[in-house]
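Understanding the architecture of this molecule
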Amino acid sequence: MSDQRVSAQGGMQTSYGFRTVADGEKQTLVNDVFHKVAKRYDIMNDVMSAGMHRVWKNAMIASLNPPRRPGFRFLDVAGGTGDIAFRIVEASDRQATGTVLDINGSMLAVGADRAVKNGYADNLDFVEANAEELPFEDNSFDAYTIAFGIRNVPDIDKALREAYRVLRRGGRFLCLEFSEVEMPILDRVYDAWSFNGIPAMGKAIAGDAEPYQYLVESIRKFPRQRDFAAMIERAGFARVGYTNYTGGVAALHSGWKI
């Protein structure tokens, strides 16, 4: 058991929070977490980020800046509830079309239902599949987005290679993820809230603290910003960079397939 962040060389495959699990075991455990929290996922993000996830997601979409014309096709991975996909469709004046992919059927069911209720069904399809083995042809999408999901993928390097494969030349990779706080004092405040407040809130809201404990620990295991950027470059992406939000509580990573 270790609370040390993994490096660019890997280690998330067998990291279930601070626990080390057998190779191949993590995915089943993570799936169970998201089956439990699917219907309260947006509330969970509000709790974990004090509501700031909405601001960060809007900044992500502004960075993507989808064109307001037909033909733009995107893939949103680990996006089961549709939160990012809906924003992209709206930002494109409902011209963009996309695929929401998630390995968790419970999350997808929430998203598909919301898409119908909010009038996005004609712009989106929902696919249950693994980020490590995308069921799409090479050069299929103009953008690949993933928000607060990459740290739950066991083999991140494999998922990044798949992202590169399915993007067209000139395609954009954008990943929003909780990261390492780089501001003194804020880092201590955030740690105190994460390990004391969030699991307690999870128990109060969902009746179960364990999923929230895992999510907090998984944030602390995820590679530092510069290490994750190195992994993105290793997958083949160019012009790789990142922008910290709220002192590094979250970071938006970007790369291009050129």
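Keep in mind it's a predicted model, so treat the numbers as computed, not measured.

Per the secondary structure count, the protein includes nine helices and nine strands. For 258 residues, the compact-globule formula gives about 18 Å, and the C-alpha radius of gyration of the protein, at 17 Å, lands near that figure. For the protein, the C-alpha atoms occupy an extent of roughly 45 × 40 × 35 Å along the three principal directions. In the protein, which comprises 258 residues, the share counted as buried stands at 54%. A fraction of 76% describes how many contacts in the protein between residues 6 or more apart in sequence connect residues 24 or more apart. For the protein, the computed accessible surface area is about 10800 Å², with 50% contributed by carbon and sulfur atoms.

Bringing the side chain of E217 into the picture now. Within the secondary structure, E217 sits in helix α8 (residues 210–221). Those residues in contact with E217 that sit more than four places away from it in its chain are Y16, G17, F18 and F195.

Counted under the stated rule, the structure contains eleven aromatic pairs. Both rings, one in W56 and one in F148, keep their centres 6.3 Å apart while their planes meet at 55 degrees; by these two values the pair is tilted. Of this pair, W56 sits in helix α3 (residues 53–64) while F148 sits in the loop between β6 (141–147) and α6 (156–166), and the two are 92 residues apart along the sequence. Given a relative accessible area of 3%, F148 falls into the buried group. Here K257 stacks its cationic end above the ring of Y164, 4.8 Å away from the centre of that ring.

With that out of the way, let us pick up the nonpolar core. Soluble globular proteins tend to pack their nonpolar side chains together in the buried interior. The biggest cluster of nonpolar side chains holds 45 residues, and the ones touching the most others in it are W56, F74, L124, F148 and L176. Here the element with the most residues in this core is helix α4 (residues 83–91); it accounts for six residues. When near neighbours in sequence (up to four residues on either side) are disregarded, F74 contacts A85, I88, V89, A96, T97, G98, T99, L124, F141 and A143. Grouped together as the second largest cluster of nonpolar side chains are 32 residues, L75, L101, Y144 and V166 included.

We now examine the environment of V166. Within the secondary structure layout, V166 lies in helix α6. Accessibility expressed as a relative area gives 1% for V166, which makes it buried. Separated by 31 residues in the primary sequence, V166 and P135 have C-alpha atoms spaced 9.4 Å apart.

With that settled, the discussion passes to the pattern of salt bridges. Pairs may arise between side chains of opposite charge once their charged atoms sit close together. Tallied over the full model, the rule gives 14 salt bridges. R165 serves as the salt-bridge partner of D138, at 2.8 Å between the closest nitrogen and oxygen. Remark: R165 occurs in helix α6 and D138 occurs in the loop between β5 (124–128) and β6; sequence separation between them is 27 residues. Taking the relative accessible area as the measure of exposure, D138 reaches 47% and is therefore partly exposed. Under the relative-accessibility criterion, R165 is labelled partly exposed at 22%. When the shortest N-O distance is used, the salt bridge between R165 and E162 registers 2.7 Å. Linking R165 with E162, this pair stays in helix α6, spanning three residues, or about one helical turn.

According to UniProt, the positions carrying the feature "binding site: S-adenosyl-L-methionine" (unreviewed entry) are T81, D102, N130 and A131. With respect to the helices and strands, D102 occurs in strand β4 (residues 97–102). Looking at D102, the relative accessible area reads 7%, which means it is buried. When residues no more than four places from it in sequence are discounted, the contact partners of D102 are A78, G79, G80, M107, L108, V127, E128 and A129. Polar side-chain contacts of D102 include one of 3.0 Å to the backbone nitrogen of G80. Structurally, A131 can be placed in the loop between β5 and β6. Residue A131 is classed as buried on the basis of its relative accessible area, which comes to 7%. Residue contacts for A131: discarding those within four places in its chain leaves V77, L101, V153, A159 and E162.

Basis of the calculations
Residues numbered from 1 in each chain as written. Predicted model: local features only at pLDDT ≥ 70, side-chain atom pairs only at ≥ 80, totals over all residues. Heavy atoms only, no water. Helix = DSSP H or I, 4+ residues; strand = E, 2+ residues; numbered from the N terminus. Rg over C-alpha atoms; globule rule 2.2 N^0.38 Å. Buried < 20%, exposed > 50% of the residue type's maximum accessible area, 1.4 Å probe, protein only. Contact = heavy atoms within 4.5 Å. Areas by Shrake-Rupley, 256 points an atom, 1.4 Å probe, with all protein chains shown as cover. Phe/Tyr/Trp six-rings, centres within 6.5 Å; stacked < 30°, edge-to-face > 60°. Lys NZ or Arg CZ within 6 Å of the ring centre and 35° of its normal. Core = buried A, V, L, I, M, F, W, Y, C linked by side-chain atoms within 4.5 Å. Salt bridge = Lys/Arg side-chain N within 4 Å of Asp/Glu carboxyl O. UniProt positions renumbered as here; feature names shortened; annotations may be inferred. Polar contact = N/O pair within 3.5 Å; in protein donor to acceptor, adjacent residues only side chain to side chain.

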